[in-house]
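# Commentary on secondary and tertiary structure
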Amino acid sequence: SDESSAGPSADAMGMCTIHLSALFTRLNNEVLAMLGLEEEPLTVTTATPAPHVRRLLVSYDRARDLLPLLHAHAEQGLGLGAGTCLSYDLKGIEADLRRVVFRDKKAVVYAMRHYHYIGELRQRGGLAALQGQEEAPPYVVDALGREVDTAGGGARP
């Protein structure tokens, strides 16, 4: 692949997002595997709607996930003077937390296409192939102008 042969200049310009996405995907899948919740992974791309991706991935928020369970599983005596002793049903909290956090979570394969940045292409000479192109016919230029002109009545190329 040209990514591996591109050298460090390619990593510095555009690989951070790709590597972070791969890391978080791997961690998501490892957590599910450790808990025995692994299934056939689903393929996710940049075209997959973000709300759908969020529903698939493990996500934990203390205020959203843990605090309501602390209230639900608090054990406090109701007798006179017994209200100062508070304990929790830890097994119940653990079971509910697992159910809430990992419900409907799936292992994923994140297929992200690597788009080269213009600086990266210049460094590697990738733009040289674009030189010497022929000018587009007028009907193509007009069609592109109509396609790009979303405001209506804008300047044509």
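Preceding block: the structure.
Residues numbered from 1 in each chain as written. Predicted model: local features only at pLDDT ≥ 70, side-chain atom pairs only at ≥ 80, totals over all residues. Heavy atoms only, no water.

## A look at the side chain of serine 21
The condition is simple: Labels follow the DSSP assignment, with helices taken as runs of H or I lasting at least four residues and strands as runs of E lasting at least two, numbered in each case from the N terminus. We call two residues in contact when some of their heavy atoms are within 4.5 Å.
Inspection of the secondary structure assignment puts serine 21 in helix α2 (residues 8–34). Ignoring sequence-local partners within four residues, the contact set of serine 21 consists of Tyr110 and Met112.

## Observations concerning helix α4 (residues 62–72)
Applicable threshold: Each residue is placed in one exposure class: buried if its accessible area under a 1.4 Å probe, protein chains only, is under 20% of its type's maximum, exposed if it is over 50%, and partly exposed if it falls in between. Comment: arc refers to directions from the helix axis out to C-beta atoms. Distance and chemistry together define a polar contact, namely a pair of N or O atoms within 3.5 Å, with one atom able to donate a hydrogen and the other to accept it when in protein, and with adjacent residues in sequence counting only for side-chain atoms on both sides.
Within α4, the full set of buried residues consists of Asp65, Leu66 and Leu69. The arc enclosing the buried residues of α4, seen along the axis, measures out at 70°, which places them on a common side. Opposite its buried face, α4 presents the exposed residues Ala63 and His71, each directed more than 90 degrees away. Structurally, α4 contributes buried residues whose contacts are with α5 (90–102). The N-capping residue of α4, defined by a side-chain oxygen 3.2 Å from the backbone nitrogen of alanine 63, is aspartate 61.

## Points about the pattern of salt bridges
Our working rule: Criterion for a salt bridge: a side-chain nitrogen of Lys or Arg within 4 Å of a carboxyl oxygen of Asp or Glu.
Overall, the coordinates contain 4 salt bridges when judged by the stated rule. The salt bridge involving glutamate 30 is made with arginine 26; its shortest N-O contact spans 2.9 Å. Of this pair, glutamate 30 and arginine 26 both sit in helix α2, separated by 4 residues, roughly a single helical turn. Arginine 99 is paired through a salt bridge with aspartate 96; the nearest N and O atoms lie 3.7 Å apart.

## So, the packing of α4 against α5
Two quantities define a packed helix pair, namely the angle between the axes and the distance from one axis to the other. For clarity, the threshold we go by: Each axis is a line fitted through C-alpha atoms, and for a helix only the stretch in contact is used; angles between axes span 0 to 180 degrees, taken between their N-to-C directions. In a left-handed crossing the near helix is turned counterclockwise from the far helix by less than a right angle, and in a right-handed crossing that turn is clockwise. We call Asp, Glu, Lys and Arg charged. Ala, Val, Leu, Ile, Met, Phe, Trp, Tyr, Cys and Pro are nonpolar, and the rest, Gly among them, are polar.
Packing of α4 against α5 leaves a shortest axis separation of 10 Å and a crossing angle of 145°. The two elements α4 and α5 cross, and the hand of that crossing is right-handed. Two secondary-structure elements touch here, α4 through Asp65, Leu66, Leu69 and Leu70 and α5 through Ile93, Asp96, Leu97, Val100 and Val101. Split by residue class, the contact of α4 with α5 holds 7 nonpolar, no polar and 2 charged.

## As for the side chain of threonine 25
Along the chain, threonine 25 falls in helix α2. One polar contact links the side chain of threonine 25 to the main-chain carbonyl oxygen of serine 21, over a distance of 2.7 Å. Apart from residues lying up to four places away in sequence, threonine 25 is in contact with Val108 and Tyr110.

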